[in-house]
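Summary of the model geometry
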Amino acid sequence: QVNIIKNAVSVLGRYRFVYLSMQVRTGKTLTAMGVAQELKIKRMLFVTKKKAISSIESDYTKLNPKYDLVVINYESLHKIEGRFDFIVLDEAHSMGAYPKPSKRTKMVKKIIATNNPYVILMSGTPSPESFSQLYHQVYSCPNNPFNRFTNFYSFAREYVDVMPVKIGGMTHNDYSKGRDSILMELNPYMISYTQKEAGFKVETIEEIKRVKMSELTYRIIKELKKDKVFQGNEEVILADTGVKLMSKVHQLCSGTIIFESNKSQVLDYSKADYIAREFKGKKIGIFYKFSAEYKALKDVYGDKLTNEIQEFKETEKSIALQIVSGREGISLKEAECLIYYNIDFSALSYWQSRDRMTTKDTKKNNVYWIFAEKGIEDKIYKAVSKKKDYTLRHFKKDLLSL
């Protein structure tokens, strides 16, 4: 970290921004704060995910630097007031949407243009699906290597193999085939650091547990496959498109459903009961996908379960976090093991979330996947563990075996 700080200060001196491509749990936060300390800055803005704010504030207190710190999540950037001479953009890959910049990316660009600060971008996975994701991550920085392009489309003409694809009978451009030259252009601005270089020797042991769901769950899935609709006493489950059917089957395999009215309900407690029974007496971290799944867990666990990081760290309670909000920027090192109530379609979620218990001293991570018997989760797991997102194309192929 001392060497990275020294190198980062040098890169910032030349370009006013640097990208720290450091793998999870290798100390990105303290490294960034150390860089700011070396540059003798006055006020830092640290932009991150909401769940990570308390951890970052704790690191700042431990380091006790001479500059002031404001920590905020991306969704609250519009509330920012005052000036900053140093900005840290944590989980920078979240700004990688293309071909058009996301709302958060536009907000970041506006703040940087107003303040002209030093900028550190940080991510353990800068381009999880495509090198094309790198363009909007750095385009807010005036000295980025692609600043001669007015937008992503002009950038793509030189750096992306644009492929025409048909969606719903209409032809669209697929911009995901970003060339290796994108990363080569960014190399002078990037500092990489792996867990292996940091001395991590952790072994992640994954085990799949299969749970038989209720007869009602299997009956609804069967009827949705056949009729694309299920009529209850008061609510309707509609699956009249491929995307809807994939989503409804995904929900049902973990015992919950979002109705056509947009209300959600727990229909089957099989998974929650299994977790409470099999991991009784253990302090665990649970990842879930849909909000109703947290309700199922809460109904079973009661006060023994929290969704607050600080409460988890300070008590014997287990914790349940939504996969997307909990996969980045937090540590669950106090957990005896990680349990997945459900699985996300995203390969990024798979690789990032299962590393939440890892520290430099960790020797073994135990990760358990709770899948429905004859459910969709095995199919999703097969895709994401090979670093591929699970898509509608996969689902249509797998449907017959569900």
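1. Focus: the overall build of the chain
- Helix and strand counts for the chain stand at 16 helices and 18 strands.
- For the chain, the C-alpha radius of gyration of 23 Å lies close to 21 Å, the compact-globule estimate for 402 residues.
- Principal axes of the C-alpha set define a box for the chain whose edges measure 65 × 55 × 40 Å.
- Of all 402 residues assigned to the chain, the portion counted as buried reaches 50%.
- Of the contacts formed within the chain by residues at least 6 apart in sequence, a portion of 69% connects residues at least 24 apart.
- Roughly 19700 Å² of accessible area belongs to the chain as shown, and the carbon and sulfur atoms make up 49% of that amount.
- If you average the places of the 66 positive and of the 47 negative side-chain charges in the chain, the two averages end up 4 Å apart.

2. Notes on the pattern of salt bridges
- Per the stated rule, a full pass over the model turns up 13 salt bridges.
- A salt bridge links Asp161 to Arg179, with the nearest nitrogen and oxygen atoms 2.9 Å apart. Of this pair, Asp161 sits in the loop between helix 6 (152-159) and strand 6 (163-167) while Arg179 is found in the loop between strand 7 (170-174) and helix 7 (180-186), placing the two residues 18 residues apart along the sequence.
- Assessed through its relative accessible area of 35%, Asp161 is described here as partly exposed.

3. Quick look at the sheet that holds strand 3 (residues 68-73)
- The strand order across the open sheet built from six strands is 3-2-4-5-1-8, with neighbouring strands paired in parallel fashion. Only two strands of the sheet have a single neighbouring strand rather than two, namely strand 3 and strand 8 (190-193). Taking each pair of neighbouring strands and ignoring which way they run, the sheet shows an average axis angle of 15°.
- Lying on the sheet, helix 1 (residues 2-15) is in contact with strand 1 (17-22), strand 4 (86-89), strand 5 (118-122) and strand 8; it crosses strand 1 at an angle near 150°.

4. Looking at the packing of helix 2 (residues 28-38) against helix 3 (residues 53-63)
- Contact geometry for helix 2 and helix 3: axes closest at 10 Å, N-to-C directions at 45°. Taken together, the axis directions place helix 2 and helix 3 in an arrangement best described as oblique. At the point where helix 2 passes helix 3, the crossing takes the right-handed sense. Mapping the contact onto sequence places Thr29, Leu30, Met33, Gly34 and Gln37 in helix 2 and Ile56, Asp59, Tyr60 and Leu63 in helix 3.
- Taken together, the residues of the contact of helix 2 with helix 3 break down into five nonpolar, three polar and one charged.

5. Some words on the sheet that holds strand 16 (residues 318-322)
- With parallel pairing, six strands are arranged side by side in an open sheet as 9-18-17-14-16-15. At either end of the open sheet lies a strand with only one pairing partner, and these are strand 9 (203-211) and strand 15 (305-306).
- Pairing geometry for strand 14 (residues 285-288) and strand 16, over four bridges, is parallel. Paired with Tyr288 across the bridge in strand 16 is Gln322.
- Running at roughly 150° to strand 18 (residues 364-372), helix 10 (residues 270-278) makes contact with strand 9, strand 14, strand 17 (338-340) and strand 18 of the sheet.
- Sheet strands touched by helix 15 (residues 377-384): strand 9 and strand 18. Its angle to strand 18, the strand with the most contacts, is close to 140°.

6. Points about the nonpolar core
- Of all hydrophobic cores here, the largest spans 90 residues; its most connected members are Met44, Ile120, Ile275 and Ile286.
- If you tally residues by element for this core, the top one is strand 18, at six residues.
- Residue contacts for Met44: discarding those within four places in its chain leaves Ala32, Met33, Ala36, Tyr67, Asp68, Leu69, Val70, Phe84, Phe86 and Val88.
- Membership of the second largest hydrophobic core comes to 34 residues, among which are Leu45, Val47, Tyr135 and Leu186.

7. Observations regarding the side chain of Gln251
- Take Gln251: it is sitting in helix 9 (residues 242-252).
- Taking the relative accessible area as the measure of exposure, Gln251 reaches 2% and is therefore buried.
- Look past the residues within four positions of Gln251 in its chain and what remains in contact with it is Thr256, Ile257, Ile258 and Phe290.

8. Some points on unusual backbone geometry
- Omega for the peptide link from Tyr98 to Pro99 comes to 5°, which places this bond in the cis form.
- Its location among the elements puts Pro99 in the loop between strand 4 and helix 4 (103-115).
- The backbone phi angle of Lys40 is positive, close to 55°, even though this residue is not glycine.
- Unusually for a residue other than glycine, Asn64 sits at a positive phi of about 50°.
- Relative to the elements of secondary structure, Asn64 occurs in the loop between helix 3 and strand 3.
- Judged by its relative accessible area of 61%, Asn64 is exposed.

9. What about the packing of aromatic side chains?
- One pass over the structure, following the stated rule, counts 25 aromatic pairs.
- Ring geometry for Tyr153 versus Tyr175: centroids 5.8 Å apart, planes at 75°, classification edge-to-face. Of this pair, Tyr153 sits in helix 6 while Tyr175 sits in the loop between strand 7 and helix 7, and the two are 22 residues apart along the sequence.
- Tyr153 gets classed as partly exposed once you look at its relative accessible area, which sits at 32%.
- When its relative accessible area of 13% is taken as the criterion, Tyr175 is described as buried.
- Here the aromatic cluster, defined as three or more aromatic residues joined through ring pairs, consists of Tyr98, Tyr135, Tyr139, Phe146, Phe149, Phe152, Tyr153, Phe155, Tyr159 and Tyr175.
- Just above the ring of Phe290 sits the side chain of Lys289; from NZ or CZ to the centre is 5.8 Å.

Analysis parameters
- Residues numbered from 1 in each chain as written.
- Predicted model: local features only at pLDDT ≥ 70, side-chain atom pairs only at ≥ 80, totals over all residues.
- Heavy atoms only, no water.
- Helix = DSSP H or I, 4+ residues; strand = E, 2+ residues; numbered from the N terminus.
- Rg over C-alpha atoms; globule rule 2.2 N^0.38 Å.
- Buried < 20%, exposed > 50% of the residue type's maximum accessible area, 1.4 Å probe, protein only.
- Contact = heavy atoms within 4.5 Å.
- Areas by Shrake-Rupley, 256 points an atom, 1.4 Å probe, with all protein chains shown as cover.
- Lys, Arg positive; Asp, Glu negative; His and termini not counted.
- Charge placed at Lys NZ, Arg CZ, Asp CG, Glu CD.
- Salt bridge = Lys/Arg side-chain N within 4 Å of Asp/Glu carboxyl O.
- Pairing = 2+ DSSP bridges.
- Axes fitted to C-alpha atoms, helices over the stretch in contact; angles between N-to-C directions.
- Parallel < 35°, antiparallel > 145°, perpendicular 65-115°, else oblique.
- Left-handed = near helix turned anticlockwise from the far one by under 90°.
- Nonpolar A, V, L, I, M, F, W, Y, C, P; charged D, E, K, R; others polar.
- Core = buried A, V, L, I, M, F, W, Y, C linked by side-chain atoms within 4.5 Å.
- Phe/Tyr/Trp six-rings, centres within 6.5 Å; stacked < 30°, edge-to-face > 60°.
- Lys NZ or Arg CZ within 6 Å of the ring centre and 35° of its normal.

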